[in-house]
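# Residue-level structural notes
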Amino acid sequence: MRIARFSIDGNVAFGVVEGEGSDPSGDLVLDIIKGIPYADFELSGVKVPLSKVRLLPPVLPNKVVAFGRNYAEHAAELGNAVPDAPFAFFKPTTSVIGSGDAIEYPSFSSELHHEAELAVVIGRMCREVPRERVKDVIFGYTCANDVTARDVQKREKQWARAKGFDTSCPLGPWVETDLDPSDVTIQATVNGGQRQLGRTSEMIHSIEDLIVNISDAMTLLPGDVILTGTPAGVGPLNVGDEVAVSIEGIGTLTNKVIKRG
């Protein structure tokens, strides 16, 4: 099931995406959900064409927990060692945007990079999740772009500015609740040209590893997002570029880069 968050006529709602394919400008429709989708929900039966709404970030997370260097080839391309244990950092909620929204090139950077990632969306409040229960706390999966000011990341000892600036966390286009994430393709293109191509089976630490690791330290809430790392092939973004992150079984997240201000 694909669940989108959207606005229409000034109202914000969730809806189940119905129809074949993943082109928002096609024949897809939204059946509006009564309330929020994290628990059992009812469909209203009120349907609107997806092409008539504005897609929003599919969730509004309380926190975004991102894991770095979780693909060996990506760690190597930046000259980093593979960490022995999952390596976490945060992106603030103000960094989150949806598919179709603009990535604003930060004024304090001259080297902006894309990082295509599988994002896990948490579906229930949980803490100290045992490995065998991880699937029970997952609501679904979406596409993410961990946009990074690479020059700032290299220059500063912590990554708050490099990875936490406004618009640095595109998510979307929707949440897919029925997906086996163990071996799906992740791809990033810039202006139609392929940059990244990898598979989730190449992760060093599995989704179970990541959720066990972070839930040992903190409570996760419905709508929280876990970014699982990026495959090799990260590279520069420039003002005017269109970057797309596609994940097999989910869809495509597309954003343009604009000048801030």
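Quick note: structure is the one above.
Below you will find a few notes about this structure. Note that the structure is predicted; figures quoted are calculated from it, not measured.

## Quick look at the pattern of salt bridges
Considering all chains together, one arrives at 15 salt bridges under this definition. The residue Lys154 makes a salt bridge to Glu111 at a minimum N-O spacing of 3.8 Å. In this pair, Lys154 is assigned in helix α2 (residues 150-155) and Glu111 in the loop between β9 (102-105) and β10 (112-114), connecting sequence segments 43 residues apart. Residue class for Lys154 comes out exposed when judged on its relative accessible area of 61%. Between Asp209 and Arg131 there is a salt bridge; the shortest N-O distance is 2.8 Å. Pair noted here: Asp209 is in helix α4 (residues 207-215) and Arg131 is in the loop between β11 (116-122) and β12 (138-145), with a separation of 78 residues, a long-range link. Among the charged side chains, a salt-bridge network with shared partners connects Lys91, Glu115, Asp146, Arg150 and Lys163.

## Details of the packing of aromatic side chains
In the structure shown here, the tally under the stated rule is 4 aromatic pairs. Aromatic side chains Tyr38 and Phe139 sit 5.1 Å apart centroid to centroid with 65 degrees between the ring planes, which places their arrangement in the edge-to-face category. Of this pair, Tyr38 sits in the loop between β3 (29-34) and β4 (42-49) while Phe139 sits in strand β12, and the two are 101 residues apart along the sequence. For Tyr38, a relative accessible area of 21% corresponds to the partly exposed category. For Phe139, a relative accessible area of 11% puts it in the buried group. On the numbers, 6.2 Å between centres and 80 degrees between planes, the contact of Phe108 with Phe165 is edge-to-face. With a gap of 57 residues between them, Phe108 in the loop between β9 and β10 and Phe165 in the loop between α3 (160-164) and β14 (169-176) connect regions that are remote in the sequence. For Arg2, the ring lying beneath its charged end belongs to Trp174, and the centroid distance is 5.2 Å. Positioned over the ring face of Phe87 is Arg69, at 5.3 Å from the centre of the ring.

## Considerations on the sheet that holds strand β19 (residues 242-247)
Read from one edge to the other, the open sheet built from 5 strands follows the order β9-β20-β19-β15-β16, with strand pairing classed as mixed. The open sheet terminates on both sides in strands that have one partner only, identified here as β9 and β16 (193-199). Ignoring strand direction, the axes of neighbouring strands in this sheet form an average angle of 20 degrees. Where strand β15 (residues 185-190) lies against β16, 6 bridges are found, and the strand directions are antiparallel. Paired with Ile186 across the strands is Gly198, a residue of β16.

## Observations concerning the pairing of β15
Connecting β15 to the antiparallel partner β16 that follows it, the hairpin turn spans 2 residues, and Asn191 within it adopts a positive phi of roughly 55 degrees. By the bridge criterion, 5 bridges tie β15 to β19 in an arrangement that is antiparallel. Residue pairing across strands places Val190 opposite Val243, the latter belonging to β19.

## What to know about the state of the cysteines
Each disulfide consists of one covalent bond between the sulfur atoms belonging to two cysteines. Within the structure shown, the criterion is met by 0 disulfides. Cys126 forms no disulfide, and the closest cysteine sulfur to it belongs to Cys169, at a distance of 18 Å. On the accessibility criterion, Cys126 (9% relative accessible area) is buried. Not part of a disulfide, Cys143 finds its nearest cysteine sulfur in Cys169, a span of 12 Å.

## Quick word on unusual backbone geometry
Residue Gly172 is joined to Pro173 through a cis peptide bond whose omega torsion reads 5 degrees. Assignment of secondary structure puts Pro173 in strand β14. You will see that Arg69, though not glycine, has its phi angle at about 55 degrees, which is positive. Tracing the backbone through its elements, the reader meets Arg69 in the loop between β6 (64-68) and α1 (72-77). Looking at Arg69, the relative accessible area reads 24%, which means it is partly exposed. At Asn191, a residue that is not glycine, the phi angle is positive and equals roughly 55 degrees. The residue Asn191 is located in the loop between β15 and β16 in this model.

Scoring rules and cut-offs
- Residues numbered from 1 in each chain as written.
- Predicted model: local features only at pLDDT ≥ 70, side-chain atom pairs only at ≥ 80, totals over all residues.
- Heavy atoms only, no water.
- Salt bridge = Lys/Arg side-chain N within 4 Å of Asp/Glu carboxyl O.
- Helix = DSSP H or I, 4+ residues; strand = E, 2+ residues; numbered from the N terminus.
- Buried < 20%, exposed > 50% of the residue type's maximum accessible area, 1.4 Å probe, protein only.
- Phe/Tyr/Trp six-rings, centres within 6.5 Å; stacked < 30°, edge-to-face > 60°.
- Lys NZ or Arg CZ within 6 Å of the ring centre and 35° of its normal.
- Pairing = 2+ DSSP bridges.
- Axes fitted to C-alpha atoms, helices over the stretch in contact; angles between N-to-C directions.
- Disulfide = S-S within 2.5 Å.

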